[in-house]
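# Observations on the model geometry
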Amino acid sequence: AGLSRRRPSNYRVVKQIIHWELTSLPTKPGVKGTFQAVSARELETVIDMRRAIQVETNTQRSYDPRKAVISEFEDGDVFVWIAPNHRVAVTGTRKFGRSERYGTVDRIYAEPECPGRGYARALVWHLAEQILEKRGAVFLSSDADALGPTRLYRSLGFTPNCEMVNIRGVYD
């Protein structure tokens, strides 16, 4: 069986995404806690956080959080911010990819009890620092409706690079 030739009767905007760029860092945030590469001990916590991202972003793509986190862990790309109470507060990834020009920060997730404490800011700052040591720019993306991340990225000096609209066909 081939692909369906049915055409959608209409389209709807599913999500608006902002792509951000950073080329220099502001002053290092003075936040208590520790930035570190994820260890085997924190893997299950990070996998659970990725499941939460999947639910919150309501993406339609198939995604296996366990497989993704383990692969990124093996590549040394998963990092956490450990709060003073020794719990993982925020997780995120850093990728260099094939481009010599930039690296990306992705999958930032803060535990629900952590917003406003500066942990996400500290984690993103450290990830961006690692990238800027080797590349000229840092890129990341966020949902345009997510005001918290928008404020966070602007406060760190990220500027909108472009906006993208995801649309899906509506079939009758």
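Below is a short write-up of the structure. None of the values given here were measured: they were computed from a predicted structure.

## Observations concerning the overall build of the protein
Secondary structure assignment for the protein yields 4 helices and 7 strands. Starting at the N terminus and ending at the C terminus, the protein contains elements arranged as β-β-α-α-β-β-β-α-β-α-β. Expressed along its principal axes, the backbone C-alpha trace of the protein runs to roughly 55 × 35 × 35 Å. Buried residues in the protein amount to 37% of all 172 residues. In the protein, the proportion of contacts linking residues at least 24 apart, taken out of those at least 6 apart, comes to 73%. Approximately 10500 Å² of the protein is accessible, and the part contributed by carbon and sulfur atoms is 48%. Computed over 26 positive and 20 negative side-chain charges, the separation of the two mean positions in the protein equals 3 Å.

## Structural notes on the environment of glycine 33
Checked against the element boundaries, glycine 33 lands in the loop between β1 (10-22) and β2 (34-37). Glycine 33 gets classed as partly exposed once you look at its relative accessible area, which sits at 36%. Apart from the residues within four sequence positions on either side, glycine 33 is in contact with Trp81, Ile82 and Pro84.

## Brief notes about unusual backbone geometry
Although it is not a glycine, histidine 86 adopts a positive phi angle of roughly 70°. For histidine 86, the location among the structural elements is in the loop between β3 (78-82) and β4 (88-95). On the basis of relative accessibility, which here comes to 69%, the residue histidine 86 falls in the exposed class. Positive phi outside glycine occurs at arginine 107, with the angle close to 55°. Of the residues examined, arginine 107 reaches a relative accessible area of 29% and is grouped as partly exposed.

## Quick look at the nonpolar core
Buried together is how nonpolar side chains tend to be arranged in soluble globular proteins. Of all hydrophobic cores here, the largest spans 27 residues; its most connected members are Val90, Tyr119, Val124, Val138, Leu140, Tyr153 and Phe158. Secondary-structure elements contributing two or more residues to this core are β1, β3, β4, α3 (119-132), β6 (137-143) and α4 (147-155). Here the element with the most residues in this core is α3; it accounts for 9 residues. Beyond its immediate sequence surroundings of up to four residues, leucine 140 is in contact with Ile18, His19, Trp20, Val105, Val124, Tyr153 and Phe158.

The rules behind each value
- For every chain, the first residue of the written sequence is number 1, and numbering continues from 1 along that sequence.
- The model is predicted, so local features are restricted to residues of pLDDT at least 70 and side-chain atom pairs to those at 80 or more, both for listing and for counting; the totals for chains, interfaces and linings are taken over all residues.
- Excluding hydrogens and water, the side-chain values take into account all heavy atoms of the structure.
- In this description a helix means any DSSP run of H or I spanning at least four residues, a strand means any run of E spanning at least two, and both kinds are numbered starting from the N terminus.
- Relative accessible area decides the class of each residue, using a 1.4 Å probe on protein chains only: under 20% of the type maximum gives buried, over 50% gives exposed, and in between gives partly exposed.
- It only takes one pair of heavy atoms within 4.5 Å for two residues to be counted as in contact.
- Using a 1.4 Å probe, the Shrake-Rupley method yields the accessible areas, and only the shown protein chains count as cover for residues.
- Charge counting follows a simple rule: Lys and Arg are positive, Asp and Glu are negative, and His as well as the terminal groups are ignored.
- In this description, the location of a charge corresponds to atom NZ of lysine, CZ of arginine, CG of aspartate or CD of glutamate.
- The nonpolar core is taken to be a set of buried Ala, Val, Leu, Ile, Met, Phe, Trp, Tyr and Cys residues, with the residues joined through side-chain atoms within 4.5 Å.

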